[in-house]
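Coordinate inspection notes
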Amino acid sequence: MFPEVLTEGYRSFLGERLPRERERFETLAKKGQSPEVLLIGCCDSRVAPEVIFDVGPGEIFTIRNVANIVPPYESDGGYHGTSSALEFAVQALKVKHIVVLGHASCGGIKAYADSASPLSPGNFIGKWVSLVEPASNKLAATGDSVEKEGYLTRLEYASIKQSLENLMTFGFVKEAVEQGALSLHGAHFGVATGELRILDPKTGDFQSVVERDGRSLKPSALINCGDA
């Protein structure tokens, strides 16, 4: 049986949202998509980009995978889902921004840090999250380790930065950035707090959007400060 949660959600969409946004859907169907932002996020069900950024259909092009990882460029003739979607967004859609969105309590990052046992003989996840190793090595070079408090958050941040570096190994991304046609950004979402932190390219720090804008979070959002 088709999942009831999806059936009920579709009924709600059909009765409420579709009538309100029918013109938008018709335009998208006729003219195609032209999003300015490519967002690379985690496939974690708690981190839905369209909800976090309150965007509608056609506004962002999204790639989701375990731990929001961008692999380095490879030309081995293999099947590369993230790389192919990246190529389409930059080369065909001509997006102006790429955002790598990490998040707190990321299972993929934790699996790497804990050297978790394979979930299956094939261990697709283990091979994939091994791409976190360069970020982990950079933290280790500073004396940081999994035994220290807050390490997982720092590794989440470092992995975002590593993905941004990996983006520049793709020739078409590097060229677009150097021509000023494309900008790269890092961001981190606190699942429990709802806090969004964005990477300051000058300092290398992740700064709260609300702090940067001189505002404060609503009390209802401050559920668990330890999450972010």
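One can find the structure itself at the top, above this paragraph.
First, a word on scope: everything that follows refers to the structure included in this document. Treat the numbers as computed from the prediction; the structure is a model and nothing was measured.

**Describing the packing of aromatic side chains**
Summed over all chains, the structure comprises six aromatic pairs. Arranged with centres 6.1 Å apart and planes meeting at 35°, the rings of Tyr 10 and Phe 13 form a pair that is tilted. Highlighted residues: Tyr 10 and Phe 13, both in helix H1 (residues 4-31), separated by three residues, approximately one helical turn. A residue is classified by how much of its surface remains accessible, and Phe 13, at 26% relative accessible area, is partly exposed. Aromatic rings pair up to connect Tyr 10, Phe 13 and Phe 25 into one cluster.

**Brief notes about the nonpolar core**
Core analysis: the biggest nonpolar cluster contains 24 residues, and Leu 38, Leu 86, Val 90, Val 95, Ile 98, Leu 167 and Val 173 have the highest contact counts within it. Put simply, the parts of the chain that give this core at least two residues each are strand E1 (37-42), strand E2 (60-65), helix H3 (81-92), strand E3 (97-103), helix H7 (151-167) and helix H8 (171-178). Sequence-distant contacts of Val 95, defined by excluding residues within four places in its chain, comprise Pro 35, Glu 36, Val 37, Leu 38, Ala 89, Val 90, Ala 181 and Leu 182. If you look at the next biggest cluster of nonpolar residues, it comprises twelve residues, including Ile 69, Cys 106, Val 132 and Tyr 151.

**Section: the pattern of salt bridges**
Following the criterion strictly, the structure yields eleven salt bridges and no others. Taking the shortest distance from any N to any O, the salt bridge between Glu 21 and Arg 17 comes out at 2.5 Å. Residue Glu 21 and its partner Arg 17 are both found in helix H1; the two are separated by four residues, about one turn of the helix. Given a relative accessible area of 15%, Glu 21 falls into the buried group. Among the residues examined, Arg 17 registers a relative accessible area of 32% and is labelled partly exposed. Across the salt bridge formed by Glu 178 and Lys 174, the nearest N and O atoms sit 2.5 Å from each other. Note that Glu 178 and Lys 174 are positioned in helix H8 at a spacing of four residues, about one turn of the helix.

About the thresholds
Residues numbered from 1 in each chain as written. Predicted model: local features only at pLDDT ≥ 70, side-chain atom pairs only at ≥ 80, totals over all residues. Heavy atoms only, no water. Phe/Tyr/Trp six-rings, centres within 6.5 Å; stacked < 30°, edge-to-face > 60°. Helix = DSSP H or I, 4+ residues; strand = E, 2+ residues; numbered from the N terminus. Buried < 20%, exposed > 50% of the residue type's maximum accessible area, 1.4 Å probe, protein only. Core = buried A, V, L, I, M, F, W, Y, C linked by side-chain atoms within 4.5 Å. Contact = heavy atoms within 4.5 Å. Salt bridge = Lys/Arg side-chain N within 4 Å of Asp/Glu carboxyl O.

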